[in-house]
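Summary of structural features
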Amino acid sequence: MKMAQKPVIKWLVLILTSCVFFSIALSAKTQTYIIQMDKSAKPESFTTHLDWYSSKVNSVLNKPEKGGAQNQDRIIYTYQTAFHGVAAQLSKQETDLLEQQDGVLAIFPEQKYQLHTTRSPLFLGLEPHDSTTDNVWSQRVSDHDVIVGVLDTGVWPESQSFNDTGMSPVPRRWRGACETGRGFTKSNCNRKIVGARIFHRGYEAATGKINEQTEYKSPRDQDGHGTHTAATVAGSPVRGANLLGYAYGTARGMAPAARIAAYKVCWVGGCFSSDIMAAVDKAVEDGVDVLSISLGGGVSSYYRDSLSIAAFGAMEMGVFVSCSAGNGGPDPVSLTNVSPWITTVGASTMDRDFPATVKLGNGRSVTGVSLYRGRIKLDTKKLYPVVLAGGNSSSPNPSSLCLEGTLDPRKVKGKIVICDRGISPRVQKGDVVKNAGGVGMILANTASNGEELVADCHLIPAVAVGENEAKSIKHYALTSPKAKATLAFVGTRVGVRPSPIVAAFSSRGPNLLSFEIMKPDLVAPGVNILAAWTGALGPSSLATDHRRVKFNILSGTSMSCPHVSGIAALLKSRHPEWSPAAIKSALMTTAYVHDNTHKPLEDASKAKISTPFDHGAGHINPRKALDPGLVYDIQPQDYLEFLCTQKLTPTQLKVFSNSTCRHTLANAGDLNYPAISVVFVENTNVSVLTVHRTVTNVGPAVSSYHAIVSPFKGAYVKVEPRILKFTKANQKLSYKVTFTTKTRQTEPEFGGLVWKDGMHRVRSPIVVAWGMLI
């Protein structure tokens, strides 16, 4: 035990020291603030809005400089498209003064965001099993006109996934640019990568100047995350793609004919809100059709969330915004990016995995997963001693987690070490074992991961196993004085059943801000996804990994988000007249809620049925989404009306729009959302709730739909009318759903409403709750 105590202290000191340094950085005399201005309030005496913004900032500075030249340096960004205002370096005192000025709508302190970190086209039905069958990628001129902006870590342009062979000229409407810098020239952009920009001023203001010797201060991707997400969105087909022989096949993006514009907002030390805001603003100005944002921060009120406000502005300009839900699962209420005008994407598995086996000395074989393929080989006919890193502790501790400096080489040399998952990167644990003299690792899931298995490209022979099997292996290691094992690696397996399954790490609902807006919206492949990779980093992302690969396999809602972004681009190319809300509706109402064994979708963390709080409307179904039959459309004014039900002040509402409330929604549940969530509040006599919806016919002009609704134990559900008869294309018809309590339930109930016409099934998930959902 004494061996473990010192590393624990070092570990805690490291965390506390990091927190202190971060606090000092943010509490300096000045820090970055995002100032939102009322564009319409500019006095006529100012020629431009920038002159006015600068005047406002200069008026509150403690020590105005002569001539104002240096004051101008306080402003690091100007926002003028999706958002209006500036980002500036100010003290708390200066901010307080500025907040009182006319024309200033809101001031947001800089916030740090984190990244939420092959076979998917075939699994999603985009690519037919039979090459003679039509697929949704049959080339159309319009396919080349859709441009997806990817906010991430940049792009590795040499990847074959960004080959522009056969692509038509860049659309004339495109106003983007190809910015240059170390390792990135104009020639790195082409007809596939049509734009590349960097945003670093907020990052440098918070952390200091970027070291250009160790980091690319250019659109070039050093991290790999941005290259992976961009290729998932719209990568060109690449035959023979694989990671060290795993997942061999053709890699392509969801919309392989679409264009990519890379906006680098994330650096070695993170992603900052002023840079993200600048990127969203510039992307909308450049002319993107879709924004893919695989990152997130905490949850703030709608009017205090700068990304939410910028996304609202993008939506007003007709841009579809897709964001990752976060990797905070399986904890409830762990979602980020929950605004109704954002499509919030959770993660699920595919029908492909990478099996590996732990063969124990007692004769048992345990199946896990791994992407190991390295120089160190274990003889599968020989058994090696097994040791439990954390001793007989029943809960994870620094030693059981195999944190840096916690393993005693005398105890692990020549042995296979059992390490608990958590705290440190999974692959790094194997590096710790290797450095301590271990020959292999069994990566053990804990209660927070359940039976979810994520494959990694380990630096040492290693196999990840589920929680239950991990317990049995640990019991064997503790009770057998001569516990032994060996590890074997099988390769790639497809056709896995059941699949998809909701990933344990995928963040969960309900929506903390508005229970009536069900989140996440849907799930998409986010586990073990193969896509393009940077040439600057090994597949494990560790500095000690000197391997270089062209493709890598990653997991996270960061991977599921670009799947939805790419499919949204596909829908936009086929239906250019559709609004962002119509595209979201098509994706949600055609999503499926049963796996490939025809059973309800499961939750990997519990090995039981998942709910809409886990999977939203269900798993994305691109082929069906192209022809949804009906859509639930929402206009910018409708979203404002929703905000008018959220008890925001007139000033708070103005951060979204200068329009006024018309009070067309009786309550938040009346927003024309493709999902229905009703809450009977505690300690009230309300026993009847009614929500209203309007659907637009985007299918055959003449069609008749009838309603089918799930039964609920606690409420009667009545749909009026039960039949919708359309006589023309784009016709709108309305209906209402009335919920009457019969027996209050202690837990939320889940079901669905389906409109059927014989060709289409337009499904909306339903959540009914009594009292608070959390």
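Up top you'll find the structure we're talking about.
Residues numbered from 1 in each chain as written. Predicted model: local features only at pLDDT ≥ 70, side-chain atom pairs only at ≥ 80, totals over all residues. Heavy atoms only, no water.

**Notes on the packing of aromatic side chains**
As enumerated under the stated definition, the model contains 20 aromatic pairs in all. Geometrically, the ring pair formed by W341 and Y639 is edge-to-face, given 5.8 Å between the ring centres and 80° between the ring planes. Placement of the pair is W341 in the loop between strand 15 (320-324) and strand 16 (343-348) and Y639 in helix 17 (residues 636-644), with a sequence separation of 298 residues. A relative accessible area of 4% means that W341 is categorised as buried. In textbook terms, an aromatic cluster arises when at least three aromatic residues are bridged by ring pairs, as seen for Y77, Y79, F83, F108, F199 and Y263. The aromatic ring of W156 is capped on one face by R220, whose charged end is 4.4 Å from the ring centroid. (Phe/Tyr/Trp six-rings, centres within 6.5 Å; stacked < 30°, edge-to-face > 60°. Helix = DSSP H or I, 4+ residues; strand = E, 2+ residues; numbered from the N terminus. Buried < 20%, exposed > 50% of the residue type's maximum accessible area, 1.4 Å probe, protein only. Lys NZ or Arg CZ within 6 Å of the ring centre and 35° of its normal.)

**Brief notes about the pattern of salt bridges**
For the structure on display, the rule yields 24 salt bridges. Residues participating in the shared-partner salt-bridge network are E179, R197 and D286. (Salt bridge = Lys/Arg side-chain N within 4 Å of Asp/Glu carboxyl O.)

**Re the state of the cysteines**
Among covalent bonds in proteins, the disulfide is the one between the sulfur atoms of two cysteines. One pass over the structure, following the stated rule, counts four disulfides. Bridging C266 to C271, the disulfide has an S-S length of 2.1 Å. Handedness of the C266-C271 disulfide follows from its S-S torsion of about 105°: it is right-handed. Judged by relative accessible area, C266 falls into the buried class, the value being 3%. Taken in N- to C-terminal order, the disulfide-linked cysteines of the chain are connected 1-2, 3-4, 5-6, 7-8. (Disulfide = S-S within 2.5 Å.)

**Description of the nonpolar core**
L371, V417, V433, I553, L571 and L587 are the most contacted members of the largest nonpolar core, which totals 77 residues. Among the elements that make up this core, the one with the highest residue count is helix 13 (residues 557-574) (seven residues). Among all residues touching I553, those that are not within four sequence positions of it are L243, Y246, A247, F354, L371, N528, I529 and L530. Within the second largest apolar cluster, 68 residues are counted, among which are Y77, L307, V321 and I342. (Core = buried A, V, L, I, M, F, W, Y, C linked by side-chain atoms within 4.5 Å. Contact = heavy atoms within 4.5 Å.)

**Regarding unusual backbone geometry**
Backbone torsion omega between G509 and P510 reads 5°, so that peptide bond is classified as cis. With respect to the helices and strands, the residue P510 is situated in the loop between strand 26 (501-502) and strand 27 (522-525). Residues E720 and P721 are joined by a peptide bond in cis, for which omega reads -10°. Non-glycine residue N337 carries a positive phi angle of around 55°. Residue position: N337 is located in the loop between strand 15 and strand 16. The residue N730 is not glycine, and still its phi comes out positive at about 65°. On the secondary structure map, N730 appears in the loop between strand 37 (723-726) and strand 38 (732-741).

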